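Here is what each chain is made of, one letter per residue.
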Amino acid sequence: VVDVRCTETARKVVFERGRAQFDVVSDIARPFTVTAGSQTIVDIGTSFDVERLNKKVLVTLIEGRVIVKPVANVAKSLTPRLPRFTVLIPGEELVAIRSARPQIKRVNLTRVTAWERGLLVFNNEPLEDAVARVNRYTDAPLTVDSSLEGVQISGVFKAGDVADFVSAIT
């Protein structure tokens, strides 16, 4: 779910829910920004992936460069704990949770972008995050029992094949 606003001076996306890849042509006269939760991504002509997953925002740089910075009101309330901005290089992923310092890690871009090919790849991932991703592809969302908190899963699943996912994790 996104809200897109393009004017003569700016290209702005407010990212509410889900996951998307943006392939952007640089235009200094019309900067491209994506605001997702507590983070704003400023594009410098590139390709990047943005995901809102439970309380996290994940920004993965595929190619080029992006600047990620806290949304203005978040930055003011958390200063000096949060950096003013972070520049990502290809293969880096920024993971932001509203009240914590963002973490940056190296990722496997083939795995991260597998969703574009219809695959969901989990590598020792919290069950609740995996279920949130699986639920994007079904009209009958799954729920995770609280007794399963902390369970990690790994596997490759076809997006939309909820029965196979449930069979594998049970």
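Residues numbered from 1 in each chain as written. Predicted model: local features only at pLDDT ≥ 70, side-chain atom pairs only at ≥ 80, totals over all residues. Heavy atoms only, no water.

Asks: What is the right way to look at the pattern of salt bridges in this model?
Replies: A full pass over the atoms with the stated rule returns eight salt bridges. Glu-51 serves as the salt-bridge partner of Arg-133, at 2.7 Å between the closest nitrogen and oxygen. Placement of Arg-133 in helix 3 (residues 127-135) and of Glu-51 in strand 6 (residues 47-53) is noted, with a sequence separation of 82 residues between them. With relative accessibility at 10%, the residue Arg-133 sits in the buried group. (Salt bridge = Lys/Arg side-chain N within 4 Å of Asp/Glu carboxyl O. Helix = DSSP H or I, 4+ residues; strand = E, 2+ residues; numbered from the N terminus. Buried < 20%, exposed > 50% of the residue type's maximum accessible area, 1.4 Å probe, protein only.)

Asks: Explain unusual backbone geometry to me, please; I cannot follow it from the model alone.
Replies: In the Ramachandran plot, Asn-54 falls in the positive-phi region, its phi being about 55° despite a non-glycine side chain. Its location among the elements puts Asn-54 in the loop between strand 6 and strand 7 (56-63). Backbone geometry at Asn-124 places phi at a positive 55°, although glycine is not the residue there. Residue placement: Asn-124 occurs in strand 12 (residues 119-126). The class for Asn-124 is exposed, based on a relative accessible area of 52%.

Asks: Would you mind going over the environment of Ser-47 with me for this structure?
Replies: Mapped onto the elements of the fold, Ser-47 is located in strand 6. On a C-alpha basis, the gap between Ser-47 and Val-66 in space is 8.8 Å, while along the polypeptide they are 19 residues apart. Beyond its immediate stretch of four places on either side in the chain, Ser-47 contacts Gln-21, Phe-22, Asp-23, Leu-61, Ile-62 and Glu-63. Here Gln-21 takes part through its side chain, which lies 2.9 Å from a polar atom of the side chain of Ser-47. (Contact = heavy atoms within 4.5 Å. Polar contact = N/O pair within 3.5 Å; in protein donor to acceptor, adjacent residues only side chain to side chain.)

Asks: Can you walk me through the packing of aromatic side chains in this structure?
Replies: Any aromatic ring pair is given by two values, namely how distant the centres are and how the planes are angled relative to each other. The full count for this structure, using the stated rule, is six aromatic pairs. On the basis of an interplanar angle of 65° and a centroid distance of 6.1 Å, the ring pair of Phe-122 and Phe-165 is categorised as edge-to-face. With a gap of 43 residues between them, Phe-122 in strand 12 and Phe-165 in helix 4 (residues 162-169) connect regions that are remote in the sequence. Note on Phe-122: relative accessible area 3%, which makes it buried. For Phe-165, a relative accessible area of 1% translates into the label buried. Feature note: the residues Phe-15, Phe-22, Phe-32 and Phe-48 constitute an aromatic cluster, connected by ring pairs. (Phe/Tyr/Trp six-rings, centres within 6.5 Å; stacked < 30°, edge-to-face > 60°.)

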